[in-house]
Structure formats: C-alpha cells, structure tokens
Amino acid sequence: MKSIREFWVLFCGAFIAVNAPFACASDGFWGTLYGEVVQDYQSFYTTSTLKSLSPGLLTAGVMANSNIDEYLHEQLPHDDESFLNDSKQVNYFGDSTRTIPSIPIYLGVMGLDYWLSDHESVYGKWGRYSFRTFMVGAPSGFITANILGGSRPNEGRSSNWRLFDDVNSVSGHSFSGAVPMINAAMLSESTGMKALFYGLSVMPGLARVAINKHYSSQALLGWTFAYVSAKVVHQNRTDMNVSLSYYRDIPVLTLVKKF
C-alpha cells in the first residue's frame, strides 16, 4: 500500500532527525547507529550504487515493457486453491517483515545484544545490518516505485512503466522480506547456509507474484534494492578492512576480517 511506503520514508527521515542530537552528544548505542546510517547513505547515493542497480533495473525494464511479465504471469495457476493457500502462507512472512514489526525486532535484537554482551554477537550484527539495510534501501525503493509508475496485475493493467502514474513498480514485500535473509546470508561463513538464506530471500517476492499482487519485474526490483542496499551496508563493516602488502615487489590487496 502507498501509505505503508510513505511511512518508510517518514520513519527514515524521523530517525535521522530525532537521533542527530544523540549522535552529537554521545558515541553510545544511538550515536554509533546514527553515524553508521549516515555513512550508509553517503555510500549508497553514489554512481557506484547506480551501476550495481543497473542490471536489475534494465532486466526489470525489459520484462515490464514487453510481454515477458504477462507471459510469466499467465503460466501460474492462479485458480488453484492449494497453490494460492501455500503462496499466502509464504506471503505472511513478507507481511511480518514490513516496517511493523520488523524495525522493532531489528532494534530489539541489536539492543539486547549491545547491553547483554561485551562483544557484538552474530545476532546483534544481523539486527544492526538488517536495520541499516532497511533504512538505506526503503526510501530509494519508494521513490523508484513512484517514478516508474507500474501497476499491479489485479488492477487490470499491464506492467508497463508509465512515469508517475502508479506506485507499484517495486514490490515492498519483496524488498522487506529479502532484507533479513540477505543479511543472514552475508554474515554466514558456510557456503551451504549462504545458499539457503539467499534462496529464502526470493520467496516473499515469488509469493507476491503467485497471489496476483505483483508482476515478476516488480518482485525482481524489490529484491534488487534489498541486495544492493545490504551490499553497501556490508562494505561499511567495521570488522573488515583492506591492507596493502607486497609480494616480490608486486602490490597485493588483502581483505582482513577481525574476530
């Protein structure tokens, strides 16, 4: 819904405005988090991020403005009650990852970890990175959805981009449902766990397509914004740095992770 997406933008703006005094006054929980979010915004709104978004935007553009979206949509058994019921169950996860209650969950997990642990655990990192991913990606996804102007399939309109005509070119459920899973994947050491979480990250978007709420291109764009936002956030990780060394007079860049 448009009202939910507007809330994303208002929440992100309010967070930055409200926490500015805390950030200036202290380097504690809120001050550190505020500084990280500001850094994420500075890193996200660059030409480099636009390049990262380009493959998803171009693919979605071709799908939306040709017959690909319509063709894929027609292949799904939308009249099959069993298929729809299963898809609705997956969609509930997408519902639960939207602004409420996901933001309180992310903040709650990272807050508990901050006050109960001497060193940040993987759970605290997951909450922090998921929150920051949501904060940096939600406004850009909302703006893009409004600019491209695509409609839902259940509105009886095609997926063609009609600038500023509608607000559904980027699936909010696909974005918000992918955020916690993509961050879990990026924090996982095991290749198997990474594959599992990345696989789960696409399920909310697929469910939206299955229950006739979005076209495939719109689900793809929602996932793309989640992935690129998480990528930017993890590039700003404080437990990783790059060092320059030399091997036989050849410069070598090394990625170092702190444990």
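Below: a short report on this structure.

Parameters at a glance
- Residues numbered from 1 in each chain as written.
- Predicted model: local features only at pLDDT ≥ 70, side-chain atom pairs only at ≥ 80, totals over all residues.
- Heavy atoms only, no water.
- Helix = DSSP H or I, 4+ residues; strand = E, 2+ residues; numbered from the N terminus.
- Buried < 20%, exposed > 50% of the residue type's maximum accessible area, 1.4 Å probe, protein only.
- Axes fitted to C-alpha atoms, helices over the stretch in contact; angles between N-to-C directions.
- Parallel < 35°, antiparallel > 145°, perpendicular 65-115°, else oblique.
- Contact = heavy atoms within 4.5 Å.
- Nonpolar A, V, L, I, M, F, W, Y, C, P; charged D, E, K, R; others polar.
- Salt bridge = Lys/Arg side-chain N within 4 Å of Asp/Glu carboxyl O.
- Core = buried A, V, L, I, M, F, W, Y, C linked by side-chain atoms within 4.5 Å.

1. With respect to the overall build of the protein chain
- Check the secondary structure of the protein chain and you find 11 helices and 2 strands.
- Listing each helix as α and each strand as β along the protein chain from the N terminus yields α-α-α-α-α-α-α-α-α-α-α-β-β.
- Counting across all 259 residues of the protein chain, residues that qualify as buried make up 46%.

2. Some details on the packing of helix α3 (residues 47-64) against helix α11 (residues 216-235)
- Orientation of α3 relative to α11, taken along the N-to-C sense of each, is 175°, at an axis distance of 9 Å. The orientation of α3 with respect to α11, classified from their angle, is roughly antiparallel. Packed against α3, whose contacting residues are T49, S52, L53, G56, L57, T59, A60, M63 and A64, the element α11 presents S216, S217, L220, L221, T224, F225, V228, K231 and V232 at the interface.
- Its residues assigned to classes, the contact of α3 with α11 shows 10 nonpolar, 7 polar and 1 charged.

3. Structural notes on the pattern of salt bridges
- Per the stated rule, a full pass over the model turns up 7 salt bridges.
- E36 is paired through a salt bridge with R132; the nearest N and O atoms lie 3.6 Å apart. Taken together, the positions of E36 in helix α2 (residues 29-44) and R132 in helix α7 (residues 122-148) put the pair 96 residues apart, joining distant regions of the chain.
- Residue E36 is classed as buried on the basis of its relative accessible area, which comes to 11%.
- A residue is classified by how much of its surface remains accessible, and R132, at 1% relative accessible area, is buried.
- Across the pair R132 and D40 runs a salt bridge, and its minimum N-O distance is 2.7 Å. Of this pair, R132 sits in helix α7 while D40 sits in helix α2, and the two are 92 residues apart along the sequence.

4. Notes on the nonpolar core
- Counting residues in hydrophobic clusters, the biggest one holds 33 residues, and the most contacted among them are F131 and F175.
- Here this core gets 8 residues from one element, more than from any other, and that element is α7.

Scope: geometric values only; no functional claims are made or implied.
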